[in-house]
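# Fold and contact review
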Amino acid sequence: MTSGIEDTAHVVDAASVMGLLPARPRLLALGEPTHGEDVLLELRNELFRQLVEREAYQTIAIESDCLMGLVVDDYVTSGTGTLDDVMERGFSHGFGASPANRELVRWMRAYNEGRPASERVRFAGFDGPLEITGAASPRQALTALHAYLTAQVGADLLPCTAETLDLLLGTDDRWPDPAAMMDPSRSVGRTPEAAQLRSLADDLVALLDAETPHLMAASSRDDWERARMYGRTAIGLLRYHFWMADTSPGRMPRLLGLRASMMAANLLAVAERGPALVYAHNGHLQRDKSTMRMGDLPQEWWSAGAIVGARLGQEYAFLPTALGTIRHRGVETPAPDTLEGLLYALPEDRYVVDARRLAVALGDLPPAPRVSSWFGYAPLDPAHLAGSDGIVFVKDAPAEESWWPVP
C-alpha cells in the first residue's frame, strides 16, 4: 500500500501543485486542519511567494474579518500605518499573534515597494465580521457605504441621512451580545430598528448598483469594490442578526450557511480581481457538505468552498492539509490504517499528494477515519478524497511554534 502512495507524493511547491491541475485556477484554496500552527502558515507563505513570482498570482485571501483586512491591504499596498498596528488591528480570531502571519505581511510590503499599482500583491480577509459567539454591529459597513454614496451621488437619491442610520443603529455593544447565541430573545435582529436598517441597506446597495457607470468613472475601482464589500457585509450582518433572533429548528444551520455564503461572496469578489491563493480551515473550503453536532443535533450546510466551487468549476481548486502529530495538543502518531497514518509512513516531512491517483492506489477499501483526541484538530474524511485536487501533508507540528490561545 505504501509504495503505491509514495508514487503520488511530490515536494510542496508551485510547480508540483500546478501539475495536479488541468489549468491555473482563479482561486487556489489551501486548507488547514487546525488553527495556530505556524509550520502550516510558513508552508503557505512559501507557496504564495512562488505563486506570485512564477504564476502571476497577486492576492492572498485568508479566513479573517473582511473589514479588518482592509487595514492590512492598505499597509502592504501603500505603507499606511505600522507593522505592529496592522498586526493588532488587521486580523480577527487572534490571527495577528502569528509570527508567520507577521512575516507574510512584512514580505508583501517589501515586495510592493517601488512597484506600480498594477503589479502589487494584495491582501484580503474573506470572513464576515463574525465570531463564534456573535456578530458585529453593522455600523462600520453601513456607514462607510452611506459615506461613499454621499460623496458621489446627489442627496436626493439617498434613502436616508447619516443621522437616521446612527439613530437606528444605537449603541454598538447591543449587537454582538454573546448570550444571543444560546438565547434568541437576546438578539436585536428582529427589532423594528433592525427591520428598518435591513430595508435601508437594501436600498443603498440597489443605489450602488444603479449608479455603477457613474461611480466607476468618478471614483477609483478600489473604492467602488470596497463599497460593494461594505454593502454585502452590511446586508449579511443584518440578515445574520435577524436569524440570531429566530427560534425555529433551522436557526443554527441557517446561521452556519449565512456565514458560508458571506465568505463565498467575498471570495467571488476576490476572484474578479485575478488569481488568488485562499487560506482557511479545511472545513470552510471543502467541496462537500459540511456537518457538525451541537449537543445531540446534527447540523448540515454548504461550505464557502462548495458554493464557490459550484460557481467557478475548474477555476476553483482545493487542497486540504493533513497533519500527522500535534503532540503539544495531545494528537499523537496516527493509526496506520487511517489516511494520515498511511501518509505518515512516508519518509518526507512534507509533500503534496495527487488525490485522484491516491484514490486509485487505495483501491476499493478506503482508510479508516481518524478520530482526533483534541477538539481543535479535524482529521481528513476519507469519503471526501474525491472532492480534493490534492492533499498537502505535514508530518509534525513543533510545539515551540504554537501560538493559538486555546484552553
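Refer to the structure printed above.
The structure reproduced in this document is the subject of the present report. The numbering scheme is per chain: residues are counted from 1 as the chain's sequence reads. For a predicted model such as this one, the threshold for reporting local features is a pLDDT of at least 70, and the threshold for listing and counting side-chain atom pairs is 80 or more; totals across whole chains, interfaces and linings nevertheless cover every residue. In computing side-chain properties, one takes all heavy atoms of the structure into account and sets aside hydrogens as well as water.

### A short note on the overall build of the protein chain
- In DSSP terms, a helix is any run of H or I states spanning at least four residues, a strand is any run of E spanning at least two, and both are numbered starting from the N terminus. What the protein chain contains, in helices and strands, is 16 helices and 13 strands.
- Our radius of gyration is a C-alpha quantity, and the globule rule it is checked against amounts to 2.2 Å times the number of residues to the power 0.38. The C-alpha radius of gyration computed for the protein chain amounts to 22 Å, which stays within 12% of the reference 22 Å derived for 407 residues, consistent with globular compactness.
- If one aligns the C-alpha atoms of the protein chain with their principal axes, the spans along those axes are about 70 × 55 × 40 Å.
- Under the scheme applied here, a residue whose accessible area is under 20% of the maximum for its type counts as buried, over 50% as exposed, and between as partly exposed, the area being computed with a 1.4 Å probe on protein chains only. Out of the 407 residues belonging to the protein chain, those deemed buried represent 55%.
- Within the protein chain, residue pairs in contact and separated by at least 24 positions form 78% of the contacts whose partners lie at least 6 positions apart.
- To measure how exposed things are, a 1.4 Å probe is used in the Shrake-Rupley method; for residues, cover is taken only from the protein chains shown. Accessible surface, the protein chain as shown: approximately 17,400 Å² in total, 54% of it carbon and sulfur.
- Considering the protein chain, the positive charge centre built from 37 side chains and the negative charge centre built from 55 side chains are found 2 Å apart. The contact criterion used throughout is that any non-hydrogen atoms of two residues lie within 4.5 Å. His is not counted here, nor are the chain ends, while Lys and Arg score as positive and Asp and Glu score as negative. Note on charges: their place is set at NZ of Lys, CZ of Arg, CG of Asp or CD of Glu.

### What to know about the packing of helix α7 (residues 139–152) against helix α9 (residues 192–210)
- As a rule, the C-alpha atoms of each element are fitted with a line to give its axis, helices using only the stretch in contact, and angles between N-to-C directions run from 0 to 180 degrees. One way to put it is that α7 packs onto α9 with a least axis distance of 11 Å and a crossing angle of 40°. When the axis of α7 is compared with that of α9, the two are oblique. Relative to α9, the crossing made by α7 is left-handed. Contact with α7, carried on its side by L142, L145, H146, Y148 and L149, involves L197, A201, L204, V205, L207 and L208 of α9 and no other residues of that element.
- Of the residues contributing to the contact of α7 with α9, the split by class is 10 nonpolar, 1 polar and no charged. Angle categories are assigned with fixed cut-offs, so that under 35 degrees is roughly parallel, over 145 is roughly antiparallel, 65 to 115 is roughly perpendicular, and the rest are oblique. What makes a crossing left-handed is the near helix being turned counterclockwise from the far one by less than a right angle; a clockwise turn instead makes it right-handed. Amino acid classes used here: Ala, Val, Leu, Ile, Met, Phe, Trp, Tyr, Cys and Pro are nonpolar; Asp, Glu, Lys and Arg are charged; the rest, including Gly, are polar.

### Some details on the environment of A14
- Within the element layout of this structure, A14 appears in helix α2 (residues 14–19).
- Between the C-alpha atom of A14 and that of V52, which follows or precedes it by 38 residues, the distance is 9.5 Å.
- Excluding its chain neighbours within four sequence positions, the residues that come into contact with A14 are L47, Q50 and L51.

### Re the sheet that holds strand β11 (residues 321–325)
- The 4 strands lie next to each other as β1-β12-β13-β11, forming an open sheet whose pairing is mixed. Looking at which strands have only one partner, the edges of the open sheet turn out to be β1 (9–10) and β11.
- As judged from the 2 bridges shared by β1 and strand β12 (residues 350–353), these two strands associate in the antiparallel manner. The residue of β12 that forms the bridge with A9 is V353.
- Strands β11, β12 and β13 (391–396) of the sheet are contacted by helix α3 (residues 38–55), whose axis makes an angle of about 135° with β13. By definition, two strands form a pair when at least two bridges between them are found by DSSP.

### Some thoughts on the packing of aromatic side chains
- The rule is short: rings of Phe, Tyr and Trp, with Trp giving its six-membered ring, pair when the centres are within 6.5 Å, and they are stacked under 30 degrees, edge-to-face over 60, tilted in between. With the rule as written, the count across this model stands at 6 aromatic pairs.
- Between F48 and W107, the aromatic rings sit 6.0 Å apart at their centres with planes inclined by 75°, giving edge-to-face as the arrangement. With F48 in helix α3 and W107 in helix α6 (residues 99–112), the pair connects residues that are 59 residues apart, well separated along the chain.
- Aromatic pair F91 and F123: ring centres 5.5 Å apart, planes at 70°, arrangement edge-to-face. Taken together, the positions of F91 in the loop between α5 (83–89) and α6 and F123 in strand β4 (residues 122–127) put the pair 32 residues apart, joining distant regions of the chain.

### Details of the sheet that holds strand β7 (residues 276–281)
- As summarised here, the arrangement of the 5 strands in space is β4-β3-β7-β2-β10, forming an open sheet in which the pairing is parallel. Both outer strands of the open sheet, β4 and β10 (316–319), are each paired with one neighbouring strand and no more. Neighbour-to-neighbour, the strand axes of the sheet open up by a mean angle of 25°, direction not taken into account.
- As paired strands, strand β3 (residues 59–65) and β7 are joined by 4 bridges and run parallel to one another. In the sheet register, T59 faces β7, and the bridge partner there is A276.

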